[in-house]
Amino acid sequence: MQCPKVKLNNGVEIPILGLGTWQSKPNEVTNAVEYALKEAGYRHIDCAWAYGNEEEVGEGIKRSGVPRSEIFITSKLWCTHHHRVEAALDESLAKLDTDYLDLYLVHWPIHLNPNGNHPVFPTRPDGTRDILLDWKQRDTWAQMEAVLKKGKVRAIGVSNFSQCVLEQEILPYAQVVPAVDQLEIHLYNPQHKLVEWLRSKGIEPQAYSPLGSTNSPLLSDETASAIAGRYELQTTDVLLGYLVAKDIVTLPKSVTPARIASNYRGALTAAAKLTKEDIEALDGVAAAGKQKRMIAPPWGIDLGFDNWP
Ligand SMILES: NC(=O)C1=CN([C@@H]2O[C@H](COP(=O)(O)OP(=O)(O)OC[C@H]3O[C@@H](n4cnc5c(N)ncnc54)[C@H](OP(=O)(O)O)[C@@H]3O)[C@@H](O)[C@H]2O)C=CC1
Ligand SMILES: O=C[C@H](O)[C@@H](O)[C@@H](O)[C@H](O)C(=O)O
């Protein structure tokens, strides 16, 4: 099954489904990536330095035998690296064993103390995250623009940036408008207003945790299950197909071969079957009492999102 692509604001095309790799254990992710590329049809892998498994992802890419030019690889700049974007990118490139990325994202609009008590999650003596509060995100973005200009990445974007942060800290200063904002988007956190606003600015929304992440309550959602039953699909197919039908780049994670394959096939099948009425019903689920954000790290500052717990 051919995966549809979405065109980013600089003309680069991204496959609408990508394999997530967060919390994929290093000893499992190589097989998962190899299987996804070689057997299941994926051509897009979503990675991050902070996931601690880029070397093993790179190994899976190599073992798949699929040419690098056919694969869309994303990685993300971690929060302790905002002062040294190019060096951090070089580290991810080396681990993934590739000489360019298709997309590089600022993982969160937050600079954590690079000289703190931990390389990934530095904390202050009171246990709160050690954030450099006076750092300007525009200074991170200028470095992102520089690595794009150098040709080390084909597109640059952000992740977990709200409208307010983009409007105040990025868009007034940017020479390059972010191509993407990767966000928690799923049945219970659809972020309809933000998705619409991003599109009005030419910024492509990407859906992370599309199945509701680990131990997800979405898998037993009544509306999604009823629609799945009608088409003899799995609920997971409907959860993913719902986003794909709305042209949202969707990033399901699994290390289980059968799920990796069924997520890909099921998402595309469901996207083709869902009617306008199905989409409207699914669009209304969160507002009818199911709104729930799954990923809300304890940053201790307001990131400008609705429904942050
Ligand atoms: N930018 C950011 O800040 C963030 C980015 N992301 C990205 O998005 C990706 C996806 O999000 P993530 O939070 O991992 O969660 P997902 O919504 O993709 O859910 C993953 C969980 O669902 C399970 N699962 C997958 N497929 C099925 C299936 N068909 N049936 C039943 N269970 C299934 C997986 O188990 P198993 O693996 O054991 O099969 C895993 O426990 C991440 O991996 C990462 O790449 C995620 C969070 C934040
Ligand atoms: O991409 C995945 C997520 O952003 C993850 O990296 C964070 O949520 C992290 O666990 C944190 O606690 O800040």
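Residue positions are counted from 1 within each chain, in the order its sequence is given. Just so you know, chain letters begin at A and ligand numbers begin at 1, following the order they were written in. Residue-level local features of this predicted model are given only where pLDDT is at least 70; pairs of side-chain atoms are given and counted only at 80 or more, and the full residue set underlies all totals for whole chains, interfaces and linings.

**Student:** Requested: an account of the overall build of the protein, with residues and values cited.
**Tutor:** Note on conventions: DSSP H or I runs of at least 4 residues are helices, E runs of at least 2 residues are strands, and numbering of each starts at the N terminus. Looking only at helices and strands, the protein features 11 helices and 10 strands. Taken over the C-alpha atoms alone, the protein extends approximately 55 × 45 × 40 Å along its principal axes. Expressed as a percentage of the 309 residues in the protein, the buried residues total 49%. Contact between two residues is assigned when their C-beta atoms, built from the backbone, lie within 7 Å. Residue pairs in contact within the protein that sit at least 24 positions apart in sequence constitute 75% of those at least 6 positions apart. Exposure in this text rests on C-beta crowding, where 20 or more other C-beta atoms within 10 Å of a residue's own make it buried, 12 or fewer make it exposed, and counts in between make it partly exposed. The C-beta atoms are placed from the backbone.

**Student:** Which residues make up the site of ligand 1, and what values do they have?
**Tutor:** Close to ligand 1 lie 28 residues; G20, W22, Y208, L211 and K253 are nearest. Broken down by element, the residue count for the shell around ligand 1 peaks at 3 residues, all from helix α9 (residues 257-273). To decide whether a residue is near a molecule or strand, its C-beta atom is placed from the backbone and checked for lying within 6 Å of it.

**Student:** If you had to explain the environment of P26 to someone new, which residues and values would you point to?
**Tutor:** When you line up the elements, P26 lands in helix α1 (residues 26-40). P26 sits in the partly exposed class, given 14 other C-beta atoms within 10 Å.

**Student:** Describe unusual backbone geometry, naming the residues involved and giving the relevant values.
**Tutor:** Working note: non-glycine residues mostly have negative phi, and peptide bonds are mostly trans. One non-glycine residue, S209, adopts positive backbone phi at about 50°. Mapping S209 onto the fold places it in the loop between β9 (204-208) and α7 (222-230). At E232, a position not held by glycine, the phi torsion is positive, near 55°. Tracing the chain through its elements places E232 in the loop between α7 and α8 (235-245). For E232, a count of 9 C-beta atoms within 10 Å translates into the label exposed.

**Student:** Run through the nonpolar core, naming residues and quoting values.
**Tutor:** To define a nonpolar core, we join buried Ala, Val, Leu, Ile, Met, Phe, Trp, Tyr and Cys residues through C-beta atoms within 7 Å and take the resulting set. The biggest cluster of nonpolar side chains holds 87 residues, and the ones touching the most others in it are V33, A36, Y104 and V244. What V244 contacts, discounting residues up to four positions off in sequence, is I16, L17, T250, A267, L268 and A271.

**Student:** Describe the site of ligand 2, listing the residues and the values that go with them.
**Tutor:** Looking at ligand 2, the residues that line it are W22, A48, A50, I295 and P297. In this classification, Asp, Glu, Lys and Arg are treated as charged, Ala, Val, Leu, Ile, Met, Phe, Trp, Tyr, Cys and Pro as nonpolar, and every other residue, Gly included, as polar. Among the residues forming the shell around ligand 2, the class breakdown is 5 nonpolar, no polar and no charged.

**Student:** Lay out the packing of helix α3 (residues 85-96) against helix α4 (residues 137-149) in plain terms, naming residues and giving numbers.
**Tutor:** Axis definition: a line fit to C-alpha positions, over the contact stretch in the case of helices; interaxial angles, taken between N-to-C directions, run 0 to 180 degrees. Viewed as axis vectors pointing N to C, α3 and α4 meet at an angle of 55°, and their least axial separation amounts to 9 Å. By the angle class used here, α3 and α4 are oblique. Facing V85, E86 and L89 of α3, the residues of α4 in contact are T140, Q143, M144, A146 and V147. Its residues assigned to classes, the contact of α3 with α4 shows 5 nonpolar, 2 polar and 1 charged. Geometric relationships in this document are graded by angle, where less than 35 degrees denotes roughly parallel, more than 145 denotes roughly antiparallel, 65 to 115 denotes roughly perpendicular, and other angles denote oblique.

**Student:** So what's going on with helix α2 (residues 54-64)? Residues and values would help.
**Tutor:** Where burial is concerned, most of α2 is hidden: 8 out of the 11 residues are buried. Here α2 has its buried residues at E54, E56, V57, G58, E59, G60, I61 and S64. Contacts made by the buried residues of α2 are with α1, β4 (44-46), β5 (72-77) and α3.

**Student:** Describe the UniProt feature "binding site: substrate" (unreviewed entry) in the protein, listing the residues and the values that go with them.
**Tutor:** UniProt positions are given in the numbering used here, feature names are shortened, and annotations may be inferred rather than shown by experiment. Under the UniProt annotation, "binding site: substrate" (unreviewed entry) lies at H107. Its location among the elements puts H107 in the loop between β6 (103-106) and α4. On the basis of neighbour counts, which here come to 20 C-beta atoms within 10 Å, the residue H107 falls in the buried class. Not counting residues within four places of it along the chain, the set of residues in contact with H107 comprises A48, A50, K76, L77, W78, C79 and S159.

**Student:** Provide a residue-level description of the pairing of strand β8 (residues 180-184), including the pertinent values.
**Tutor:** For β8, the tally of buried residues reaches 5 of 5 residues, placing the bulk of the element in the interior. Across the two faces of β8 the burial is the same, with V180, Q182 and E184 and D181 and L183 all buried. Note on pairing: DSSP must find at least two bridges between two strands before they are called paired. Note: strand β7 (residues 156-159) against β8, 2 bridges, orientation parallel. Counted as the bridge partner of S159 is Q182 from β8.

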